[in-house]
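# Reading the structure
Chain by chain, the residues:
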Amino acid sequence: MARWCYRHRLVVLVLWVGALFGLGAAGTSAGTDYSNVFSLPDTDSKQAYDLMTKAFPRSSGDTDTVVWRSSGDEGSVKDTAVRSRIEPALREIAGMRGVGEVVGPYDAKNAAQISRDGRTAFAQITFTDQANGVPKDLVQKVVDTAQGAERDGLRVELGGQAITRIQEPPTGVSEVVGIAAAAVVLFLAFGSLFAMLLPIVVAIMGVGSGMMATMLLSHVTNVPEVAPLLGSLIGLGVGIDYALFIVTRHRRGIQRGLEPEESAVRALNTSGRAVLFAGGTVCIALAGMLVMNLRFLDGVVIATSLTVVLSVLAAITLLPALLGLLGPRVLSRKQRRKLAAAGPDPAEASGPAARWSAYVQKRPRSIAAMALVVMAVLALPVLSLRLGATDQGNNQESTTTRQAYDLLAEGFGPGFNGPLQVVVPGGADTTELVRTIRATDDVAQAAAAPPAGGITVIQVVPKTSPQSVGTDRLIDRLRDDVIPEAGVEAHVGGVTAVFKDFASVTGDRLPYFVGAIIGLGFLLLLIAFRSLVVPLTAALMNLIAAAASFGVLVAVFQWGWGTEFLGIGKEGPITAFLPVIMLSLLFGLSMDYQVFLVSRMHEEWVHTGDNARAVRVGLAETSRVINCAALIMICVFSAFVLSGDMEGAMAGIGLAAAVALDAFILRTALVPAAMHLLGRSNWWLPGWLEGRLPHLAVEPAEPPAESPAGAHKNTEHIKNTEHIQTAEHTTTAEPERSGTGGATVVHGFLRTADGDPLAGASVTLVSRGGRQLDRVTSIADGSYIVSVPAPGAYILAVTARGLASRAHHVTVGGGPLVYDVELTDEGAGLVN
């Protein structure tokens, strides 16, 4: 496929551009229909919500608030000087097209909309549409009209979901900033303008298609408002990174003497395979959110997974087409001149990455200890983690929504911004219950509305703010003590109660979710690397990275460290659904880096049997591209602080911290140091398990068969591969016969030093990339026969009880290869 895309590059490019513009046109004409569905079955707040919906059907439009406060000589908001300015403004707003109703405080029945001190009042504006459907021009006109009534001593602010829309930065600001920062990193890494543009173009095509498709899907399924933001966040990060891995491999191939087309094909057959595996793990991790059984997250899974899939598709189809358009210009002019003058570069890694790798090998204990200390210190704040919900009280102080929130809290009490509804069905007498609620600690006021449909709603205003721990305790007290003691059936609802229940359900189900994604990661790495220790180490590292990143999140957003510098508003609890989303993304991204790092180590280990060399070479050859990819992701994620959305800012900072810690501390220091300390144990796998595991080719595609001369050179450098496990319970395999699809065999006899037949020995044929192709046990006369899928270079390993294990590099031509082996206590010797 890579070769086809390379040669038919114009066709591929036209198809992608056509798909992007087609989805864009459809998405623009259809618009969006995002909806936040917090469905929490079997919760008290859900029962209260269902009862209220039945008795008091909600208005079709969004309701926002105008708040005004008089100070100084203006006196009360009831004074004529204030009313003469506010009432005309409210009448003008009520007459605007798109405004359904305006309920002011100056009617006797609405006297409760004026504070006790008479200095603060509010009016409620109900639009004819929900917040997303209200035109921004109308919202801005409402704000300008209301604030036009201001004068010295009279302050007017507005709050609500529709008002929030005009405070948001222009759409795409965070994405543009993130892409610009990534472009700088790519240019410094590549030194070529064309090479810099490749990953960005691929990411934009993948994310753009994903966003347009998500817009269309919002009409057929519930997609929350935050889903597109999270989809673009993760899509940009992985899209640029995946293209970076492939372009880096392609450039390296050209620098080492390959033709551009052959280099592109090899890059897709090597790094492209890893990208497919990595993208699959990200999608699987995102799908793990379904374990939570929360409908709100279903739309997030759809949006983010779809964007990742399209980003991967762009990387493996559009990118080779673009490489075909550029040809050798993917290298800078300086690099092309050097290649022409000095010839291909050597294959050995060099530079700072190689020196750091050697340093880790020399001092693994001290480096591991320092890395663990850093991660432990950063993880300490996670002990204070409190899940909840953000509201307009967390907005920046300069916004009108935040100031309206503060004015209401000052005039009517902190709990006014998050009242509770105690819903009583069945027409029961609520007089005693209201009296008991009023006498409850932390209750500012409580009043029952007239019954409707046999259902009574008691409005309860707490003394504490919606995000306060005291409000959570009040909800528990009402449910556990006050209502049961009153002897009536009642349910506590309202937005504050809904978010509290959402946080509780998330916290209860989070361990199952973590167990599911950690277990899945362990299984994938077990199959990929044929080792028990490697996936165990990766699981532990994922937990460490998660703890440290959440520690950073708590310190910034919950404790307020650096919020002024970042300009992200007031501190508060961590959004309840964020840990689930962050853990999914962190798991997927960590798996990406683990696969790119360990796959190179695994390949070297299979070829040499030297763990120290394998870890050193793997780190030296992959750390630079991993760190560059991480730096790009950090830029992209951090830019989402500018999104104007608190959840987006939390996800951006949290993921940026997670990627930085994972790449620069875990994968570059702690993982290789731990693997040096564990030694050969890294690659241990019981023989009985080896035969039962399926094979998953994550490693690069096999190189072409070597020339006979090259084969003779390889047989002169036989490497010890004692890591290949002895299989006591394997059976003789039935080989494929020569001539069928290029398949052939290697066969011969195994002898001891005394010339006796060696029965029960294990003979394994391994690809140059480390994948086991066939494994048999020699029979009574010492003979064996293993299947070879095609001519090429392979490794033939022989192990037997009491004898040293050895491996030979063999080159198989078009016919069967006879290869007899003599095993001694000192190793293996070639007989013929």
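Residues numbered from 1 in each chain as written. Predicted model: local features only at pLDDT ≥ 70, side-chain atom pairs only at ≥ 80, totals over all residues. Heavy atoms only, no water.

This paragraph deals with the overall build of the protein chain. Within the protein chain one finds 25 helices and 19 strands. Looking at the protein chain as a whole, 56% of its 832 residues qualify as buried. Restricting to contacts in the protein chain with at least 6 residues of sequence separation, those with at least 24 account for 76%. About 34,700 Å² of surface is accessible on the protein chain, with carbon and sulfur atoms providing 57% of the total. (Helix = DSSP H or I, 4+ residues; strand = E, 2+ residues; numbered from the N terminus. Buried < 20%, exposed > 50% of the residue type's maximum accessible area, 1.4 Å probe, protein only. Contact = heavy atoms within 4.5 Å. Areas by Shrake-Rupley, 256 points an atom, 1.4 Å probe, with all protein chains shown as cover.)

Our next topic: the sheet that holds strand β1 (residues 63-70). Spatial ordering of the open sheet is given by β2-β3-β1-β4, a layout of four strands whose pairing is antiparallel. The sheet terminates laterally at β2 (99-103) and β4 (154-159), the two strands that pair on one side only. The mean angle between the axes of side-by-side strands here comes to 20°, regardless of whether they run parallel or antiparallel. Pairing geometry for β1 and strand β3 (residues 120-127), over seven bridges, is antiparallel. Of the residues in β3, the one forming a bridge with W68 is A121. (Pairing = 2+ DSSP bridges. Axes fitted to C-alpha atoms, helices over the stretch in contact; angles between N-to-C directions.)

In terms of nonpolar packing, the biggest core is built from 164 residues, with Y242, M289, L297, F557, Y593, I632 and F637 touching the most fellow members. Not counting chain neighbours up to four residues away, the residues in contact with M289 comprise L297, V300, V301, F513, V580, I581 and S584. The next biggest cluster of nonpolar side chains, apart from the first, holds 28 residues, and it includes A89, V139, V143 and A149. (Core = buried A, V, L, I, M, F, W, Y, C linked by side-chain atoms within 4.5 Å.)

This part takes up the sheet that holds strand β9 (residues 491-493). Ordered by their spatial adjacency, four strands build an open sheet running β7-β8-β6-β9, and the pairing between neighbours is antiparallel. Every other strand in the sheet has two partners, leaving β7 (443-448) and β9 as the edge strands with one partner each. This sheet shows a mean twist of 25° between the axes of neighbouring strands, independent of strand direction. Pairing of β7 with strand β8 (residues 456-462), which is carried by five bridges, proceeds in the antiparallel orientation. Bridge pairing links A447 to Q459 in β8.

A few words now on helix α8 (residues 193-217). Between its first and last C-alpha, α8 extends 36 Å over 25 residues, near the 36 Å set by a 1.5 Å rise per residue. Along α8, 18 of the 25 residues are buried, which leaves the element largely enclosed by surrounding structure. Capping the start of α8 is the job of one residue whose side-chain oxygen sits 3.5 Å from the backbone nitrogen of F194: S192. (Expected span 1.5 Å × (residues − 1). Polar contact = N/O pair within 3.5 Å; in protein donor to acceptor, adjacent residues only side chain to side chain.)

A word on the packing of helix α14 (residues 364-379) against helix α19 (residues 533-558). Axes are the key here: two packed helices are described by the angle between their axes and the distance separating the axes. Their axes nearest at 7 Å, the elements α14 and α19 cross at an angle of 45°. Judged on the interaxial angle alone, α19 and α14 are oblique. α14 and α19 meet at a crossing whose hand is left-handed. Side by side, α14 and α19 meet where L372, M375, L378 and A379 of the first sit next to I544, A545, A547, A548, G551 and V552 of the second. Its residues placed into classes, the contact of α14 with α19 shows nine nonpolar, one polar and no charged. (Parallel < 35°, antiparallel > 145°, perpendicular 65-115°, else oblique. Left-handed = near helix turned anticlockwise from the far one by under 90°. Nonpolar A, V, L, I, M, F, W, Y, C, P; charged D, E, K, R; others polar.)

Of the two faces of strand β18 (residues 821-824), only the one carrying V821 and L823 is buried; E822 and T824 on the other face are not. Sheet analysis places strand β11 (residues 744-752) next to β18, joined by three bridges and oriented parallel. Its bridge partner lying in β18, T752 is registered against L823.

Within this structure, the stated rule accounts for seven aromatic pairs. An aromatic cluster of three or more residues is present, and its members are F122, F412 and F416. Residue placement shows R83 over the ring face of Y106; its charged tip is 4.5 Å from the ring centre. When the ring centre of F194 is taken as reference, the NZ or CZ atom of R329 above it lies at 5.6 Å. (Phe/Tyr/Trp six-rings, centres within 6.5 Å; stacked < 30°, edge-to-face > 60°. Lys NZ or Arg CZ within 6 Å of the ring centre and 35° of its normal.)

A word on the pairing of β11. Looking at chain direction, β11 and strand β14 (residues 783-788) are connected through six bridges and run antiparallel. Bridge pairing in β14 places F749 opposite S783.

Nonpolar side chains collect at one region of the surface, where V184, F187, L188, L193, F194, L197 and V201 lie side by side and expose about 640 Å² of accessible area between them. At the level of elements, α7 (173-190) and α8 are the ones that each hand at least two residues to the nonpolar patch. Looking at the nonpolar patch element by element, the count peaks at four residues for α8. Within the element layout of this structure, L197 appears in helix α8. A relative accessible area of 36% means that L197 is categorised as partly exposed. (Patch = residues over 30% accessible without salt bridge, like charges linked within 9 Å, V, L, I, M, F, W, Y side chains within 5 Å. Salt bridge = Lys/Arg side-chain N within 4 Å of Asp/Glu carboxyl O.)

In this model, D442 sits at a positive phi of 70°, which is unusual for a non-glycine residue. As for its placement among the helices and strands, D442 is situated in the loop between α16 (431-438) and β7.

What follows concerns the packing of helix α9 (residues 226-255) against helix α11 (residues 295-326). At a minimum axis separation of 8 Å, α9 and α11 run at an interaxial angle of 25°. In terms of orientation, α9 lies roughly parallel with respect to α11. You can see that α9 and α11 cross each other, and the crossing is right-handed. Considered class by class, the residues forming the contact of α9 with α11 number 17 nonpolar, eight polar and no charged.

Looking now at the pattern of salt bridges. As enumerated under the stated definition, the model contains 16 salt bridges in all. Two residues, R83 and E87, come together in a salt bridge whose shortest N-O distance is 3.1 Å. You can see R83 and its partner E87 sitting in helix α4 (residues 80-94), four residues apart, about one turn around the helix. Overall, the relative accessible area of 29% leaves R83 in the partly exposed class.

Leftover empty space is mapped by rolling, across the atoms, a probe with the size of a water molecule. Summed over all chains, the structure comprises five cavities of 30 Å³ or more. The wall of the second largest cavity is formed by V514, I517, I518, N542, L543, A546, L583, L586 and F587. Where the lining of the second largest cavity is concerned, the elements lending two or more residues are α18 (495-529), α19 and α21 (578-608). (1 Å grid on protein atoms, 1.4 Å probe; cavity = no way out; pocket = protein on both sides within 12 Å on 5 of 7 lines; lining within 4 Å. Points joined across faces, edges and corners; volume = space filled by probe spheres on them.)

Position of G652 among the secondary structure elements: in helix α23 (residues 646-678). Residue G652 is classed as buried on the basis of its relative accessible area of 0%. Here the alpha-carbon distance between G652 and V641, two residues 11 residues apart in the chain, equals 6.4 Å. Once residues within four sequence positions are removed from consideration, G652 is found in contact with L233, F637, S638 and F640.

For the rest of this paragraph, the subject is the confidence of the model for the protein chain. Taken over all residues, the pLDDT of the protein chain has a mean of 81, while the share at 70 or more is 89%. For the protein chain, the element scoring lowest by mean pLDDT is helix α25 (residues 708-715), at 36; α14 scores highest, at 94. Below pLDDT 50 for its whole length, residues 701-741 participates in 85 contacts with residues either more than four positions away or in separate chains. In this model residues 827-832 is a low-confidence stretch, pLDDT under 50, and it forms 18 contacts with partners more than four residues away in sequence or in other chains. (pLDDT = per-residue confidence, 0-100.)

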